[in-house]
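Each chain, letter by letter, is given below.
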Amino acid sequence: MSPTLTDAGVAASDPSDGLAVLEQRGSTAETFGIPLAVLAELTHRCPLQCPYCSNPVELERGSSELTTAEWKKVLSELAEIGVLQIHFSGGEPTARKDLVELVQHASDVGLYSNLITSAVLLTREKLVALADAGLCHVQISFQGNEPVVADRVAGLKHSHDKKIEVAKWTRELDLPLTVNAVMHRQNLHQLADIIQMAVDLDAGPAGSRQCAILRLGVEKPRRVDADDGADRGDQPACRGSASAAERHPRHRYVVPDYYALRPKKCMGGWGRQFFNISPAGKILPCHAAETNHRARIRVRALQSFDRLDLAEL
Amino acid sequence: MPRHAKLKFDETRQVWVILAPERVLAPDEIAVEVLQLCDGVRSVAQMVDQLAAKIRRRPRMRSRPMLSPCCRTLPTRDFLTEAREKTS
């Protein structure tokens, strides 16, 4: 059962996940279980066609998306209840014409904003406007380390070169950059090169070289060990990447649940560290919740946080 | 502090936090005292003087003994890059 704002019981946090350190005894956050971050899926529209997309099979139409005013209200209320970070995502969030306005509003209400983007729709002027609006962090998805594989997976010509260009602008503007890369059979051989690409892209102003983070969602390799860096399986590509990773301070593997004995505790527990708001305003405990009928998750359309009620499990 | 690290008091959790890409850090009490003075203008010596005056100790006291372990690790984690560049 997820916590609600009318529930006065202490929402227990796992001592190992860091929430216990942050939440002072008896604070509002401890009492009500306020998540640290919210993923705002502004739209399901996207120019790329990556086959592994985490969006549901049935996408929300543009006409059912929350309006600018509605998202602003959501952002204000999130900040008010104690959410600290907002991830603008999608679909492709830059497909929304009001993105700069929403980032500005997030800054105005004190939220730390992060843009999770494919980068192909961005111009330098747009990125400057976002930076000026107070954007704190940019994450760019990459489908490979060179255009042949990357453009094929993304289903869009010239997308890879565009991403490289935007990544360079990001660093020129002194914004921290994260490289997201989903690894699978078609690009797994590029793992070491993708890590090197992330390191190279980060060659911005001295003193901020550690900002790039490589996130690797590994899909269907033969054997990958998430926690033990010493054992990355039999594959030369994986072994090679381990040494590249050692030179790079922040480097995360996110391994799918089917390589574990049991599913990961989702983001520190359902809705405890993080939750998701869909383009139409549904509050979900994770990206996949809307399509996972087995979990019997009921979602409620977002009216207002005055009556905040996270998805009931 | 660099652009990607933001120090703020979190009312909901009643604790000071540093917001960074996909991370929330909880600096200890001493680190917060120091970080609040990191405005990109003050020198380390000025900060030492100011803190020393605040805790009524002589300015002769070096900065190192006053820094908590938490504070000392911040530059190495890249949360105080500007300061490190200026003082090194």
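So, a few notes on the structure that sits alongside this text. Predicted model, so just to flag it, every value in this text is computed and none were measured. (Residues numbered from 1 in each chain as written. Chains lettered and ligands numbered in written order. Predicted model: local features only at pLDDT ≥ 70, side-chain atom pairs only at ≥ 80, totals over all residues.)

What to know about the overall build of chain A
So, step 1. From N to C terminus, chain A includes 9 helices and 9 strands.
So, step 2. Going through the 313 residues of chain A one by one, you find that 44% of them count as buried.
So, step 3. Here the contacts in chain A between residues at least 6 apart in sequence split such that 69% fall between residues at least 24 apart. (Helix = DSSP H or I, 4+ residues; strand = E, 2+ residues; numbered from the N terminus. Buried ≥ 20, exposed ≤ 12 C-beta atoms within 10 Å, placed from the backbone. Contact = placed C-beta atoms within 7 Å.)

So, the pairing of strand 5 (residues 177-183) of chain A
Within a regular strand, side chains alternate between the sheet's two faces.
So, step 1. Buried residues dominate strand 5 of chain A, accounting for 7 of its 7 residues.
So, step 2. Every second residue of strand 5 of chain A is oriented toward a common face, with Leu177, Val179, Ala181 and Met183 of chain A on one face and Thr178, Asn180 and Val182 of chain A on the other, all of them buried.

A look at the nonpolar core
Residue and element names in this part refer to chain A.
So, step 1. With 67 residues, the main nonpolar core has Val38 and Phe88 as its most contacted residues.
So, step 2. A per-element tally of this core places helix 8 (residues 191-201) first, with 6 residues.
So, step 3. Look past the residues within four positions of valine 38 in its chain and what remains in contact with it is Leu78, Val83, Ile86, Phe275 and Ile277. (Core = buried A, V, L, I, M, F, W, Y, C linked by C-beta atoms within 7 Å.)

A few points about the sheet that holds strand 1 (residues 6-10) of chain B
All names here are of chain B.
So, step 1. Reading across from one edge, 1-2-3 is the order of the 3 strands in this open sheet, with antiparallel pairing throughout. In the strand order of this sheet, the two ends are held by strand 1 and strand 3 (23-25), each with one partner. The sheet shows a mean angle of 35° between the axes of neighbouring strands, taken without regard to direction.
So, step 2. For strand 2 (residues 15-20) and strand 3, the ladder comprises 3 bridges, and the chain directions are antiparallel. Bridge pairing links leucine 19 to valine 24 in strand 3. (Pairing = 2+ DSSP bridges. Axes fitted to C-alpha atoms, helices over the stretch in contact; angles between N-to-C directions.)

Overview of the environment of arginine 42 of chain B
All names here are of chain B.
So, step 1. The topology assignment puts arginine 42 in the loop between helix 1 (29-35) and helix 2 (44-54).
So, step 2. Look at arginine 42 and you get partly exposed, because 14 C-beta atoms sit within 10 Å.
So, step 3. Setting aside residues no more than four positions away along its own chain, arginine 42 makes contact with Leu37 and Met47.

Brief notes about the pairing of strand 1 of chain B
So, step 1. Here strand 1 of chain B pairs with strand 2 of chain B via 5 bridges, running antiparallel. Note that in strand 2 of chain B the partner of phenylalanine 9 of chain B across the bridge is tryptophan 16 of chain B.

A short note on the packing of helix 3 (residues 68-81) of chain A against helix 4 (residues 99-108) of chain A
Residue and element names in this part refer to chain A.
So, step 1. Between helix 3 and helix 4, the least distance of the axes is 10 Å, while the angle of their chain directions is 20°. When the axis of helix 3 is compared with that of helix 4, the two are roughly parallel. In this structure, the crossing between helix 3 and helix 4 has a hand that is right-handed. In this structure, helix 3 contributes Thr68, Trp71, Lys72 and Leu75 to the contact, and helix 4 contributes Glu101, Leu102, His105 and Ala106.
So, step 2. Looking at the contact of helix 3 with helix 4 residue by residue, the class counts come to 4 nonpolar, 2 polar and 2 charged. (Parallel < 35°, antiparallel > 145°, perpendicular 65-115°, else oblique. Left-handed = near helix turned anticlockwise from the far one by under 90°. Nonpolar A, V, L, I, M, F, W, Y, C, P; charged D, E, K, R; others polar.)

Some remarks on unusual backbone geometry
So, step 1. The amide bond that connects glycine 90 of chain A to the next residue, glycine 91 of chain A, takes the cis arrangement and shows omega of 10°.
So, step 2. Mapped onto the fold, glycine 91 of chain A is located in the loop between strand 2 (85-89) and helix 4.
So, step 3. Despite not being glycine, aspartate 174 of chain A has its phi angle at roughly 65°, a positive value.
So, step 4. When you line up the elements, aspartate 174 of chain A lands in the loop between helix 7 (159-172) and strand 5.
So, step 5. Phi is positive for glutamine 14 of chain B, which is not a glycine, with a value near 55°.

Quick look at helix 8 of chain A
So, step 1. Leu191, Ile194, Ile195, Met197, Ala198 and Leu201 of chain A are the residues of helix 8 of chain A that are buried. For helix 8 of chain A, the angular spread of the buried residues around the axis is 155°, confining them to a single face. (Arc of directions from axis to C-beta.)

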